[in-house]
Amino acid sequence: MAKEKVTFDFDKKGDFSEWYSEIIKRAELGDLRYNIKGFIVFQPWSVLAMEKTYDFLEETLQLKGHKPYWYPVVIPEKNFLMEKNHVKGFAPEVFWVTETGAGEKLEEKMALRPTSETAFYQMFSIWIRSYKDLPFKTYQRAQVFRYETKATRPFIRSREFYWIETHNAFDSKENAFKQAEEDMQTTKEILLDKLCIPFIFFERPEWDKFPGAETTFAADTLMPDGKVLQLPSTHIISQNFTKAFEVKFVDEKGKENYCWTTCYGPAVSRIFAAIISIHGDNKGLIFPFSVAPLQAVIIPIYNEKNKEKVLKESKKIQEELRKAKIRTEIDLTDKTMGEKFYYWEMKGVPFRIELGEKEIKEKKATVFLRHEGKKTKEKISGIEKFILSEGTKQMDYLKKKAVKEFEEKIVEADSIEKVKKAVEEGKIVKTGFCSVSMQGNDCAEKIEKEMNASIRGTKFIKEKPAGNCIVCKKKAESVVYIGKSY
Ligand SMILES: [Zn+2]
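Residues numbered from 1 in each chain as written. Predicted model: local features only at pLDDT ≥ 70, side-chain atom pairs only at ≥ 80, totals over all residues.

Points about the overall build of the protein
Move 1: Scanning the protein from terminus to terminus reveals 14 helices and 23 strands.
Move 2: In terms of overall size, the protein behaves like a compact globule, its C-alpha atoms giving a radius of gyration of 25 Å where 486 residues would be expected to give roughly 23 Å.
Move 3: Principal axes of the C-alpha set define a box for the protein whose edges measure 80 × 55 × 50 Å.
Move 4: Evaluated residue by residue, the protein yields a buried proportion of 42% over its 486 residues.
Move 5: Of all intrachain contacts in the protein linking residues separated by at least 6 positions in sequence, the fraction that spans at least 24 positions is 68%. (Helix = DSSP H or I, 4+ residues; strand = E, 2+ residues; numbered from the N terminus. Rg over C-alpha atoms; globule rule 2.2 N^0.38 Å. Buried ≥ 20, exposed ≤ 12 C-beta atoms within 10 Å, placed from the backbone. Contact = placed C-beta atoms within 7 Å.)

Right under this line is the structure:
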């Protein structure tokens, strides 16, 4: 068998698709050989980073008053059929559980949850009685299942994915909107501040809302191939839902009202796709310090004579780093020094500490900074402080770089030809549009069909349009953003 080459060298911007497939395989992020289309085995190097992402999200949600629940993975058919837009939107993608192993048909079909509004609301109708119960803020971390018919890609779109879903009930539409704003703030605190991923929240047009929602706000980022990737979205759910499920409360005056609800769905596995794609380079992954499965790796450099001494010193450094809660390992494999360097660069470990006889004598270790590709000498004593402070700087660096690249790709255009050209170049294009209500119309259809792109929506804080609709030339009523999506 030919030896696989040790170096990772793929052109991320030139052929992103190849880069993405190769990094998933080489860095052991997910294994596709389980062999059910649209399902993958998530491996430790992705799971560890996704666990961290879950930690950040759950900690933040709990601080903002959401209580955790664990619901059954199955939802009875009758719940599912309660709200007609929801059924229409989700029915084609549902996996139904219909019979037992003995071949007996179940009395009632059950859906593997594609999302859990219809599970949560059934219980909300039992638990919520009075205005004193509101706001009622919940969440669960869970897998959801959707029979995707579009092309699946590991982490980006699969038939099973990992997310958090929050479900919340309020006494007024105004308070529901405030929750949506809070969700957008949460997204910033986690995605931008902890994971260094830039995005814009758009209010989705009428035809692209979550099935059963009155308003949908969704965060979009850009992948290296110029395609828009939808990240967390938050929805103000139509009261049709609470009416169908009888989710009611008695207000201060003793009057019965239907609740307003919202939901928010950060998909952790898809966020992971953005982390690896946006920060990685031609040599492999670059994990932000916050979520790196390993934050530092120690490479001992020794010969038979000084092996014991070098390993002892390496262990001492590891202990100090671990005491400071820095995730650290020592590479004790038989690989050559070069192979070790390439391997950990490809795996995206933020800091590599090289330690040999010379370093021990000088009391300074060589530290390689993956994100900048440069080496520095640092005092061994107190090296944990250096790593922690450089870790913060590393995240600043990645954030600034990613934000700059993202902003450079948002451009304005005032004609169909210009929009088309910019979309082809992998940009998000800002332009005038004739409809303010964002109802589907001929212009929208023309844009989406002719350009093979989609209207992502308007910004949450509305911008003042100037000029005309690029299609019909009527006076523009709103400012929309257009991009290619997966
Ligand atoms: Zn128009």
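Some details on the pairing of strand β15 (residues 296–301)
Move 1: With five of its six residues buried, β15 lies for the most part within the structure.
Move 2: In this structure, β15 lies alongside strand β16 (residues 328–330), joined through three bridges in parallel fashion. Note on β16: the bridge partner recorded for V297 is E329.
Move 3: Alignment of β15 against strand β17 (residues 351–356), held across six bridges, turns out to be parallel. Bridge pairing in β17 places I299 opposite E354. (Pairing = 2+ DSSP bridges.)

What to know about the sheet that holds β16
Move 1: With respect to topology, five strands assemble into an open sheet ordered β16-β15-β17-β18-β19, the strand pairing being mixed. At either margin of the open sheet sits one strand with a lone partner, and together these are β16 and β19 (374–379). The average angle at which neighbouring strand axes cross in this sheet is 25 degrees, direction not considered.
Move 2: Lying on the sheet, helix α9 (residues 307–323) is in contact with β15, β16 and β17; it crosses β15 at an angle near 170 degrees. (Axes fitted to C-alpha atoms, helices over the stretch in contact; angles between N-to-C directions.)

Here we look at the packing of α9 against helix α12 (residues 383–408)
Move 1: One way to put it is that α9 packs onto α12 with a least axis distance of 9 Å and a crossing angle of 50 degrees. By the angle class used here, α9 and α12 are oblique. Crossing handedness for the pair α9 and α12: right-handed. Contact with α9, carried on its side by I317, E320 and L321, involves I383, E384 and I387 of α12 and no other residues of that element. (Parallel < 35°, antiparallel > 145°, perpendicular 65-115°, else oblique. Left-handed = near helix turned anticlockwise from the far one by under 90°.)

Some thoughts on unusual backbone geometry
Move 1: In this structure, P135 follows L134 across a cis peptide bond, with omega equal to -5 degrees.
Move 2: Mapped onto the elements, P135 comes out in the loop between α5 (117–127) and β7 (136–145).
Move 3: Positive phi outside glycine occurs at K325, with the angle close to 65 degrees.
Move 4: Position of K325 among the secondary structure elements: in the loop between α9 and β16.

Structural notes on the domain arrangement of the protein
Move 1: Taken domain by domain, the protein holds domain 1 (16–279), domain 2 (296–391) and domain 3 (410–485).
Move 2: Each of domain 2 and domain 3 has a C-alpha centre, and the two are 51 Å apart. (Domains from an automatic or database assignment.)

Description of the environment of K475
Move 1: Take K475: it is sitting in the loop between β22 (454–459) and β23 (478–485).
Move 2: A tally of 12 C-beta atoms within 10 Å means that K475 is categorised as exposed.
Move 3: For the pair K475 and C434, spaced 41 residues apart in sequence, the C-alpha to C-alpha distance is 6.3 Å.

Some points on the sheet that holds strand β5 (residues 95–99)
Move 1: Pairing within the open sheet is antiparallel, and its three strands lie in the order β4-β6-β5. In this open sheet, the two strands that pair with only one neighbour each are β4 (74–76) and β5. Pairwise comparison of adjacent strand axes, ignoring direction, gives a mean angle of 40 degrees for this sheet.
Move 2: Two strands pair when backbone bridges link them, and β5 and strand β6 (residues 105–112) are joined in this way by four bridges, in the antiparallel orientation. Bridged to E99 within β6 is K105.

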